[in-house]
Number of protein chains: 2
Amino acid sequence: MKQHPIELLINKADTAINQEDFNTLTDIYADDAVLVIQPGMNAVGKEQIRKAFEGIASHFEHTLDVRQTGMKILETGDTALVLAKTLVSAKGHPLQERKATYVFRKDANGVWFCVIDNSYGHDLLDA
Amino acid sequence: MKQHPIELLINKADTAINQEDFNTLTDIYADDAVLVIQPGMNAVGKEQIRKAFEGIASHFEHTLDVRQTGMKILETGDTALVLAKTLVSAKGHPLQERKATYVFRKDANGVWFCVIDNSYGHDLLDA
């Protein structure tokens, strides 16, 4: 089955995170995108998002591995909601499964960009 | 604390659902909005959404009561992601707590509309 362009972008983002290729990674985010770094702490815009991922890579001593094990895309017009199961692993840290929630927007050229990246999903409400 | 306009809209939608005021309810949705009726079954556009809510009201024998018990809004530019805990009760049915996920878009006049309404959250992935 042909993959949805957003699924391809999320796979590209995961590879970029794991390889610490921050140029490829930040290209996937809209200029005003919001990334939840941890509950209560957000990065806004490409520069803050880049710094956040650099910090995360360092925190996990460059052993971070992120991948999606399930995904559902709800799309209408130029807006899409992605519900994903995300596995986060790193040396010396317990394996985490997160219920991630992403919002993508399509620009005038038909290219999707991530505008909201909340890998914690509803855990934000309990934080 | 001043309530976010989206929080006021969601409260208005809940009251409209409970009172079966489908005109007020469908006004809150964008023209191309998607509503997840149940996992695997979506309504698209105001007319389908109205019919879906009419069917839901009938299914619950006009005793449906929906309310949010917690909410978190992540917003950037004209897009917002809402994570909510939603209580659904009705006579003769067990009380359900859902982890709902909504996406709202702001139009050129600054008015927010619901574009994606998925009260089932990540349960869609297990369906």
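What counts, and at which threshold
Sequence order as written defines the numbering, with residues in each chain counted from 1. All chains are assigned letters beginning with A, and all ligands numbers beginning with 1, in the order in which they are written. Local features are withheld for residues below a pLDDT of 70 in this predicted model, meaning they are given only at 70 or higher, and side-chain atom pairs are given and counted only at 80 or more; totals for whole chains, interfaces and linings count all residues. Based on all heavy atoms of the structure, the side-chain values leave hydrogens and waters out of the count. Least squares is the method used to superpose the copies, on C-alpha atoms of residues holding a pLDDT of at least 70 in both. Contacts are residue-level and defined by heavy atoms, with any inter-residue pair within 4.5 Å sufficient. Within this document, salt bridges are pairs made up of a side-chain nitrogen of Lys or Arg and a carboxyl oxygen of Asp or Glu, the two lying within 4 Å of each other. Helix and strand assignments follow DSSP, with helices taken as H or I runs no shorter than four residues and strands as E runs no shorter than two, numbered in order from the N terminus. Burial classes: relative accessible area under 20% of the type maximum marks a residue as buried, over 50% as exposed, and values in between as partly exposed (1.4 Å probe, protein chains only). Strands are labelled as partners when DSSP assigns at least two bridges between them. Axes here refer to lines fitted to C-alpha atoms; in helices the fit is confined to the stretch in contact. Angles between the N-to-C directions go from 0 to 180 degrees. Here's the idea: put two parts together, see how much 1.4 Å probe accessible area each one loses, and the total over both is what we call buried area. Counted as a polar contact is a pair of N or O atoms within 3.5 Å, where, for protein atoms, one must be capable of donating a hydrogen and the other of accepting one, and residues adjacent in sequence contribute only when both atoms are in side chains. Under the grouping applied here, Gly and all other residues not named as nonpolar or charged are polar, the nonpolar ones being Ala, Val, Leu, Ile, Met, Phe, Trp, Tyr, Cys and Pro and the charged ones Asp, Glu, Lys and Arg.

- You'll find chain A entered in an unreviewed UniProt entry as SnoaL-like domain-containing protein, with Methanolobus tindarius DSM 2278 given as the organism.

### Overview of the relation of the copies chain B and chain A
Turning one copy of the chain about an axis and sliding it along that axis gives the other copy, so a rotation and a shift relate them.
Link 1 in the chain: Once chain B is rotated about the relating axis by 180° and shifted along it by 0.0 Å, it coincides with chain A to within an RMSD of 0.0 Å. Put plainly, the chains are arranged around a two-fold axis.
Link 2 in the chain: A share of 100% of interface residues in chain B that are also interface residues in chain A marks the association as one of identical surfaces.

### Examining the pattern of salt bridges
Link 1 in the chain: Applying the stated criterion across every chain yields a total of 10 salt bridges over all chains.
Link 2 in the chain: Here Arg-50 of chain A ties to Glu-54 of chain A by a salt bridge, and the two come within 3.9 Å at their closest N and O atoms. Within this pair, Arg-50 of chain A and its partner Glu-54 of chain A are both found in helix H3 (residues 46-59), separated by four residues, close to a single helical turn.
Link 3 in the chain: Classification of Arg-50 of chain A by relative accessible area gives partly exposed; the value is 21%.
Link 4 in the chain: Linking Arg-105 of chain B and Asp-78 of chain A is a salt bridge whose minimum nitrogen-to-oxygen distance equals 3.1 Å. Separated into two different chains, Arg-105 of chain B in strand E5 (residues 93-106) and Asp-78 of chain A in the loop between strand E3 (65-76) and strand E4 (79-90) make up a pair that spans both.
Link 5 in the chain: Classification of Asp-78 of chain A as partly exposed rests on a relative accessible area of 28%.

### Regarding the sheet that holds strand E5 (residues 93-106) of chain A
All names here are of chain A.
Link 1 in the chain: Sheet architecture is open: six strands sit in the order E2-E1-E6-E5-E4-E3, paired in mixed fashion. The open sheet is flanked by strand E2 (41-44) and E3, the only strands paired with a single partner. The sheet shows a mean angle of 25° between the axes of neighbouring strands, taken without regard to direction.
Link 2 in the chain: Of the pairings in the sheet, the one linking E5 to strand E6 (residues 112-118) comprises six bridges and is antiparallel in character. Across the sheet, the residue bridging to Tyr-102 is Asp-117, located in E6.

### As for the sheet that holds strand E6 (residues 112-118) of chain B
All names here are of chain B.
Link 1 in the chain: Overall, mixed pairing links the six strands, which are arranged E2-E1-E6-E5-E4-E3 in an open sheet. Taken across any chain shown, the strands that pair with only one partner, and hence form the sheet edges, are strand E2 (41-44) and strand E3 (65-76). Ignoring strand direction, the axes of neighbouring strands in this sheet form an average angle of 25°.
Link 2 in the chain: Where strand E1 (residues 29-38) meets E2, four bridges bridge the pair, whose relative direction is antiparallel. The residue bridging Val-34 from the neighbouring strand is Val-44, located in E2.
Link 3 in the chain: Against the sheet, helix H1 (residues 5-19) contacts E3, strand E4 (79-90), E5 and E6, and its axis sits at roughly 155° relative to E3.

### Topic: the interface of chain B and chain A
Link 1 in the chain: Chain B puts 31 residues into the contact, and the matching count from chain A is 31 residues.
Link 2 in the chain: Summed over both partners, the interface of chain B with chain A buries about 2500 Å², with 71% contributed by carbon and sulfur atoms.
Link 3 in the chain: Interface area lost by chain B to chain A is led by Leu-74, His-122 and Leu-125 of chain B, which between them contribute 25%.
Link 4 in the chain: Inspection of the region where chain B meets chain A yields four salt bridges.
Link 5 in the chain: Connecting chain B to chain A are 12 residue pairs in polar contact (both at pLDDT 80 or more).
Link 6 in the chain: Taken together, the residues of the side of chain B that touches chain A sort by class into 14 nonpolar, nine polar and eight charged.

### Remarks on unusual backbone geometry
Link 1 in the chain: Unusually for a residue other than glycine, Glu-20 of chain A sits at a positive phi of about 55°.
Link 2 in the chain: If you trace the backbone, Glu-20 of chain A turns up in the loop between helix H1 (5-19) and helix H2 (22-27).
Link 3 in the chain: A positive phi is found at His-62 of chain B, a non-glycine position, where the angle reads about 60°.
Link 4 in the chain: Along the chain, His-62 of chain B turns up in the loop between helix H3 (46-59) and E3.

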